[in-house]
Amino acid sequence: MVELVPFEADFLPELMSWIDSERACRLWAGSWFEYPFDEKSFSRDSRWQEIPSFVLQDEQGQILAFGQYYNRLDCCHLARLIVSPKARGSGLGRQLVTGLIAHGSEALKLDRASLFVLKDNPLALSLYEKLGFRRRDYPEPEPGLEICYYMVASARSRINGEH
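Every value quoted in this text rests on a predicted model; they were computed, and no experiment measured them. (Residues numbered from 1 in each chain as written. Predicted model: local features only at pLDDT ≥ 70, side-chain atom pairs only at ≥ 80, totals over all residues. Heavy atoms only, no water.)

Participant: Which parts of the structure should I look at to understand the pattern of salt bridges?
Facilitator: Charged atoms that come close allow side chains of opposite charge to pair. Inspection of the entire model under this criterion finds eight salt bridges. E14 is paired through a salt bridge with K86; the nearest N and O atoms lie 3.8 Å apart. Of this pair, E14 sits in helix α1 (residues 12-18) while K86 is found in the loop between β4 (75-83) and α4 (92-108), placing the two residues 72 residues apart along the sequence. According to the relative accessible area criterion, K86 is exposed, its value standing at 70%. A salt bridge links E50 to R47; the shortest N-O distance between them is 3.0 Å. Note on E50: relative accessible area 57%, which makes it exposed. What makes R47 partly exposed here is its relative accessible area of 36%. Three or more residues are tied together by salt bridges with common partners; here these are E34, R44 and D45. (Salt bridge = Lys/Arg side-chain N within 4 Å of Asp/Glu carboxyl O. Helix = DSSP H or I, 4+ residues; strand = E, 2+ residues; numbered from the N terminus. Buried < 20%, exposed > 50% of the residue type's maximum accessible area, 1.4 Å probe, protein only.)

As structure tokens, then:
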């Protein structure tokens, strides 16, 4: 059994170990995230103490995935989604995204979810499309969007398991 639980400082070393290269850091957090990082810069740049941040945790207390959400343009916006390298390909990405949308859309009282995904991350793009996310034009100027897709989905369908 895997459960979505709030992120804690004790999880930092494990989460940091999943991001083992500059490319992995860029895929996960974008070009402005400091790399290489230490606990202080990682905490600052990930903003885990300011933004609702969660992990999927197994019965043994191991963290298997991490993600965040916040209100962006009246959508429950998902950010910094990552699955442990040891657990990739096991369906945890789907569980993380649907769990964050369910929790975040209820907490924020929003009925749409959004995210950014790098154009050169086909595995993530495929997952998001399977979950009902569709590419949209971003309505405001935003640096770095030339390398990303902005995607939006109905939060209600995600909560109810519809596709």
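Moving on, there is more to tell.
Participant: Quick question: what am I supposed to make of the sheet that holds strand β6 (residues 134-136) here?
Facilitator: By way of backbone hydrogen bonds, the strands of a sheet pair with one another, either parallel or antiparallel. Strand order in this open sheet of seven strands is β1-β2-β3-β4-β5-β7-β6, and the pairing throughout is mixed. Each edge of the sheet is formed by a strand with only one pairing partner; in this case those strands are β1 (2-6) and β6. Across the sheet, the mean angle separating the axes of adjacent strands is 35 degrees when strand polarity is ignored. One ladder, built from seven bridges, connects strand β5 (residues 112-118) with strand β7 (residues 148-154); its direction is antiparallel. The residue of β7 that forms the bridge with L118 is C148. (Pairing = 2+ DSSP bridges. Axes fitted to C-alpha atoms, helices over the stretch in contact; angles between N-to-C directions.)

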